[in-house]
Amino acid sequence: MKRLACLLCASLAALTAHAEFDASRVWVNAGFYSAHFDSHKGLRNANPGIGIEHRIDDTWSATAGRFRNSNNANSNYVGAYYQPWTWAGVKLGVVAGAFNGYPNAYEGGWFPALIPTASLEGQHWGLNVALVPPLQNRLYGAVSFQLKFRFQSGH
């Protein structure tokens, strides 16, 4: 857990090194809820954890966190959202990053991921929705929902 805290702090420090810190750009989340395509396999849908997302501009965000994954193991993630399109107030794009902790994927080690995402952001509450593609015999596919909160708004 110490490593994750250090990773989150270092990521946030790097993001704000060249700009004045703006708390309204920081979102926190308590993990994910995953609706698995293979619902009959006894996978964990509730994936509690802690994460942070820093909105760099209207297109880019950086993210990092830790959660209990669908295989009931601890996972960490780091990544960047790229969402250049907006449709009906919803930001559309991908998150590119790396995950670990999945026993069937690369022996639990880190692996890269590119995941289509949509984000809806209000004054204090937001929602990220991701389409997690299945990796045969390694990772189960799902639609993942991540509720997020920010303490200040940018409005």
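See the structure printed just above.
Read on for an overview of the structure. (Residues numbered from 1 in each chain as written. Predicted model: local features only at pLDDT ≥ 70, side-chain atom pairs only at ≥ 80, totals over all residues. Heavy atoms only, no water.)

Re the overall build of the chain
Put simply, the rule is: Helical segments are the DSSP runs of H or I of at least four residues, strand segments are the runs of E of at least two, and each set is numbered from the N terminus. Burial status follows relative accessibility: with a 1.4 Å probe on protein chains alone, a residue under 20% of its type maximum counts as buried, one over 50% as exposed, and anything between as partly exposed. Any pair of residues with heavy atoms lying within 4.5 Å of one another is described as a contacting pair. Residue burial considers only the protein chains on display, and all accessible areas are found by Shrake-Rupley using a 1.4 Å probe.
Scanning the chain from terminus to terminus reveals one helix and eight strands. Ordering the α and β elements of the chain from the N terminus gives α-β-β-β-β-β-β-β-β. Going through the 155 residues of the chain one by one, you find that 39% of them count as buried. Of the contacts made within the chain by residues no fewer than 6 positions apart, 47% connect residues no fewer than 24 positions apart. Of the roughly 8,800 Å² of accessible surface on the chain, a fraction of 61% belongs to carbon and sulfur atoms.

A look at unusual backbone geometry
Phi angles above zero are rare outside glycine, and N72 is one such case at about 65°. Here N72 is to be found in the loop between β3 (60-68) and β4 (74-87). A positive phi angle is found at A88, which is not glycine, with a value near 55°. Within the element layout of this structure, A88 appears in the loop between β4 and β5 (90-99).

Regarding the sheet that holds strand β7 (residues 125-132)
In any sheet, the strands associate via hydrogen bonds between backbone groups, in a parallel or an antiparallel arrangement. Formally: Whether two strands pair depends on DSSP finding at least two bridges between them. All axes here are fitted lines through C-alpha atoms, helices being fitted over the stretch that makes contact, and every angle between N-to-C directions spans 0 to 180 degrees.
One closed barrel holds the eight strands; their spatial order is β1-β2-β3-β4-β5-β6-β7-β8, and the pairing between them is antiparallel. Mean inter-strand twist for the sheet, computed between neighbouring axes without regard to direction, equals 30°. Bridging between β3 and β4 involves nine bridges; their strand directions are antiparallel. When the sheet's bridge partners are listed, S61 is paired in β4 with Y81.

Some details on the nonpolar core
Nonpolar side chains tend toward joint burial in soluble globular proteins. Put simply, the rule is: The set of buried Ala, Val, Leu, Ile, Met, Phe, Trp, Tyr and Cys residues whose side-chain atoms join them within 4.5 Å is what this entry labels a nonpolar core.
Judged by nonpolar contacts, the single largest core of 14 residues is most densely connected at F67, Y77, F99, Y102, F111, I115 and L139. Where this core is concerned, the elements lending two or more residues are β4, β5, β6 (111-121) and β7. The element contributing the most residues to this core is β6, with three residues.

Considering the side chain of T117
Spelled out, the test is: Within 3.5 Å is the distance limit for a polar contact, defined as a pair of N or O atoms, with the added protein rule that one can donate a hydrogen and the other accept it, and that residues adjacent in sequence qualify only through two side-chain atoms.
Relative to the elements of secondary structure, T117 occurs in strand β6. Judged by its relative accessible area of 7%, T117 is buried. In this structure the side chain of T117 is engaged in a polar contact, spanning 3.3 Å, whose partner is the side chain of Q83. Setting aside its immediate chain neighbours within four residues, T117 contacts Y81, Q83, K91, L92, G93, V94, V95, V129 and A130.

Here we look at the side chain of S70
Here S70 shows up in the loop between β3 and β4. Residue classification places S70 among the buried residues on the basis of a relative accessible area of 10%. Within the structure, the side chain of S70 is placed 2.6 Å from the side chain of H36, a separation counted as a polar contact. In contact with S70, not counting residues within four places along its chain, are S34, H36, L43, R44, N47 and Y102.

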